[in-house]
Amino acid sequence: NSTGCSANATICNGTSCLIPEDNFNETLSIILSTVLTIMLALVMFSMGCNVELKKFLGHIKRPWGIFVGFLCQFGIMPLTGFLLALIFNVLPIQAVVVMIMGCCPGGTASNVIAYWVDGDMDLSISMTTCSTLFAMGMMPLCLFIYTKMWTDSDAIVLPYNSIGLSLVALVVPVSFGMYVNHRWPSKAKVILKIGSIVGAILIVVIAVVGGILYRGSWNISPKLWLIGTIFPAAGYSLGFLLARVAGLSWHRCRTVSLETGMQNSQLCSTIVQLSFTPEQLELMFTFPLVYSIFQLLFALLILGAYRVYRRQGGKTKTDTEKTEGKEDSKSTSSHAKINGGFISNET
């Protein structure tokens, strides 16, 4: 070690050392990826326990909310990414990764946050499912339209198998959760409470683990840091605004907002790794992680603000309707007791 070489160096010649390849990070990444995938499936199962089949199918049959979400996901987000890339005048390769993020479908983390802000879970699940399904065709189309000025769209490799796996990993657990909710509603409530807490913890863990695994790639352009901060905030704000203009109720506006701003950053990372050389990756590889961290921070701010609002006694129109419904139910129940259990058809 007097030469300045590391203790585990196999060949030393002055200050020139040959150190065995360290696969620790790669192995850790595979293990954590497997564990997190299983945990995420369990969380989505618990989220499915809050979805009613009849309401879920109602959104499919009358897809106004899904259509608004579609416009946000594949209209607002790609356009916002394109404008940000132009405004900040980033390198072409950096502009492309911003566009890839903007064209990705919604992430499953939005379902967990939507639960905590009393959103429409049926709409949240159906939007995530449909955006992932539509991504098969809309991602190539949006990338073809917006990236022509920076690169050949054929150079971007879309992992359709990963998109398909994301869809399966969402649909299967949620379907089981819906079945449990239909068959054993009391047990579904317990599973939902546990899953919502685990899901919130899991989102934070994924962000922290990602930051640790890729700590060596944080040297990216300050412009990408700014875009990674502004982009999710713009997604949340514009998604909420468009949903409100479209006449959706407040709890559905919150849902659409979260579904718009929270992108599938894991899919973006996969596309980036498949499409670019190691030299190109150095310029923008960490952007999906930067975006995911800021989308989480803004989501937590939204959640905190909403919880403070509710604690202060604030109620939305939907909340008032739910309260009135419960009161009507109680009055009907007491009336039934007086009449010996008979409930009239008019009631």
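Here the structure is a predicted model, which is why all the values come from computation and not from measurement.

Turning next to the overall build of the protein chain. Each helix and strand in the protein chain was counted, giving 14 helices and 2 strands. Burial status across the protein chain gives 46% buried among its 347 residues. For the protein chain, the proportion of contacts with a sequence separation of at least 24, taken over those separated by at least 6, is 81%. Carbon together with sulfur atoms contributes 65% to the accessible area of the protein chain, which is approximately 18200 Å² in total.

Per the UniProt record, the feature "transmembrane region" (unreviewed entry) sits at residues 28-46, 66-88, 95-117, 123-146, 158-179, 191-212, 224-243 and 289-309. Structurally, residues 158-179 is divided into 91% helix and 0% strand, and its ends, taken at the C-alpha atoms, are 33 Å apart.

This part takes up the packing of helix 3 (residues 64-88) against helix 4 (residues 92-103). The interhelical angle for the contact between helix 3 and helix 4, taken along N-to-C directions, is 165°, at an axis separation of 8 Å. By the angle between their directions, the pair helix 3 and helix 4 is classed as roughly antiparallel. Helix 4 is crossed by helix 3, and the crossing has right-handed handedness. Of helix 4, the residues touching helix 3 (which contributes Q73, F74, M77, P78, G81, F82 and A85) are A95, V98, M99, G102 and C103. Along the lines of polarity and charge, the residues of the contact of helix 3 with helix 4 split into 9 nonpolar, 3 polar and no charged.

Let us look at the packing of aromatic side chains. With the rule as written, the count across this model stands at 10 aromatic pairs. Note on F70 and F74: the rings are 5.5 Å apart at their centroids and 55° apart in plane angle, and the pair reads as tilted. Of this pair, F70 and F74 both sit in helix 3, 4 residues apart, roughly one helical turn. Through a chain of ring-to-ring contacts, the aromatic side chains of F70, F74 and F134 assemble into a single cluster. The side chain of K148 reaches across the aromatic face of F144, ending 5.2 Å from its centre. If you follow R244 out to its NZ or CZ, it ends over the ring of W250, 3.8 Å from the centre.

Right, let's get into the nonpolar core. By size, the foremost hydrophobic cluster in this structure holds 43 residues, and its most contacted members are I100, M139, I227, F231, V272 and F276. At the level of elements, helix 3, helix 4, helix 6 (121-146), helix 9 (222-245), helix 11 (265-275), helix 12 (278-284) and helix 13 (287-311) are the ones that each hand at least two residues to this core. In terms of residue count, the dominant contributor to this core is helix 4 (9 residues). What M139 contacts, discounting residues up to four positions off in sequence, is I100, C103, C104, P105, L158, I163, L267 and I271. Core analysis: the second largest hydrophobic core is formed by 26 residues, M47, V51, V112 and M262 among them.

Scanning the model with the defined rule gives 3 salt bridges in all. For the salt bridge of E52 with K55, the shortest nitrogen-to-oxygen distance reads 3.9 Å. A salt bridge links R252 to D120; the nearest nitrogen and oxygen atoms lie 2.8 Å apart. A residue pair is termed long-range when its members are at least 10 positions apart, and R252 in helix 10 (residues 250-261) and D120 in the loop between helix 5 (109-116) and helix 6 qualify at 132 residues. Given the relative accessible area of 31%, R252 is considered partly exposed.

What counts, and at which threshold
Residues numbered from 1 in each chain as written. Predicted model: local features only at pLDDT ≥ 70, side-chain atom pairs only at ≥ 80, totals over all residues. Heavy atoms only, no water. Helix = DSSP H or I, 4+ residues; strand = E, 2+ residues; numbered from the N terminus. Buried < 20%, exposed > 50% of the residue type's maximum accessible area, 1.4 Å probe, protein only. Contact = heavy atoms within 4.5 Å. Areas by Shrake-Rupley, 256 points an atom, 1.4 Å probe, with all protein chains shown as cover. UniProt positions renumbered as here; feature names shortened; annotations may be inferred. Axes fitted to C-alpha atoms, helices over the stretch in contact; angles between N-to-C directions. Parallel < 35°, antiparallel > 145°, perpendicular 65-115°, else oblique. Left-handed = near helix turned anticlockwise from the far one by under 90°. Nonpolar A, V, L, I, M, F, W, Y, C, P; charged D, E, K, R; others polar. Phe/Tyr/Trp six-rings, centres within 6.5 Å; stacked < 30°, edge-to-face > 60°. Lys NZ or Arg CZ within 6 Å of the ring centre and 35° of its normal. Core = buried A, V, L, I, M, F, W, Y, C linked by side-chain atoms within 4.5 Å. Salt bridge = Lys/Arg side-chain N within 4 Å of Asp/Glu carboxyl O.

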